[in-house]
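Structural overview
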Amino acid sequence: ACLWITCEPLNKDSAEKALRKGVLNLDKYLENGQLEISSYSNWFFQDGSLDLPRMLESWSRKLKMAIARGYDGLRCTFDMNWLEKKSWQRVIDLGKLDKDSANRNLTICSISLERCGAAEIIDAVSAHQYALINRGGKWDSIEKYERSKMELTLDKRVKELRCLYDISSCPFSRY
């Protein structure tokens, strides 16, 4: 299942109109809930206030519904340019808490570099497994350091175990 959370200048109607140009049977996907397009204000806010617990509960419910309907998980894209500096850390921390469903979600968060300082960029990159950055018209990916470190540690342990296995398999090691 897919979820597109829109933010100005691209509103829900504009997003749907753009999809109609390239997606056959769009109405079918929208009607059966395979695709949902929603405004950030409907998704993140209730009664004009940022409501992250409600958003996380909705996200969890959407993920469970997608899995129950036979999908691998939830695919989502949203633009974070609506986010005010005072709420930045709360949203970043929320992303770090959602580790349980991380392997069932594929999420693309768009963040304008013009709206962020170095601290916000570092927060955003560290809260996600991967980050894509457009530098001078070229896309570059950054992998989270902890994951790279873990993979190196696992590679080292596998080599050690292979070495021990090879030693134990030698005919002279039995005497």
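Note: the structure precedes this text.
First things first, this report covers the structure right here in the doc.

Our next topic: the pairing of strand S5 (residues 74-79). Examined bridge by bridge, strand S1 (residues 2-6) and S5 share four bridges and lie parallel to one another. Within S5, the residue paired with Trp-4 across the bridge is Thr-77. Strand direction decides the pairing type here: S5 and strand S6 (residues 105-110), joined by six bridges, are parallel. Opposite Leu-74, over in S6, you have Asn-105 as the bridge partner.

For the rest of this paragraph, the subject is the packing of aromatic side chains. Under the counting rule described, the total for this entry stands at six aromatic pairs. Ring centres of Tyr-40 and Phe-45 lie 6.1 Å apart, and the angle between their planes is 80 degrees; this geometry places the pair in the edge-to-face category. Judged by its relative accessible area of 23%, Phe-45 is partly exposed. Chaining the aromatic ring pairs together yields one cluster made of Tyr-40, Phe-44, Phe-45, Trp-59, Phe-78 and Trp-82.

Before going further, it helps to spend a moment on a nonpolar patch on the surface. Side chains of Leu-161, Leu-164 and Ile-167 sit close together on the surface and give an oily, nonpolar patch of about 320 Å² of accessible area. Note that Leu-164 resides in helix H7 (residues 145-169). Classification of Leu-164 by relative accessible area gives exposed; the value is 54%.

For the rest of this paragraph, the subject is the pattern of salt bridges. For the structure on display, the rule yields six salt bridges. Note that Glu-16 is salt-bridged to Arg-20, the shortest N-O span being 2.8 Å. Linking Glu-16 with Arg-20, this pair stays in helix H1 (residues 12-22), spanning four residues, or about one helical turn. What makes Glu-16 partly exposed here is its relative accessible area of 21%. What makes Arg-20 partly exposed here is its relative accessible area of 40%. Across the pair Arg-54 and Asp-51 runs a salt bridge whose closest N-O atoms are separated by 3.8 Å. Under the relative-accessibility criterion, Asp-51 is labelled partly exposed at 21%.

About the cut-offs
Residues numbered from 1 in each chain as written. Predicted model: local features only at pLDDT ≥ 70, side-chain atom pairs only at ≥ 80, totals over all residues. Heavy atoms only, no water. Pairing = 2+ DSSP bridges. Helix = DSSP H or I, 4+ residues; strand = E, 2+ residues; numbered from the N terminus. Phe/Tyr/Trp six-rings, centres within 6.5 Å; stacked < 30°, edge-to-face > 60°. Buried < 20%, exposed > 50% of the residue type's maximum accessible area, 1.4 Å probe, protein only. Patch = residues over 30% accessible without salt bridge, like charges linked within 9 Å, V, L, I, M, F, W, Y side chains within 5 Å. Areas by Shrake-Rupley, 256 points an atom, 1.4 Å probe, with all protein chains shown as cover. Salt bridge = Lys/Arg side-chain N within 4 Å of Asp/Glu carboxyl O.

On their own, these measurements won't tell you what the molecule is for.
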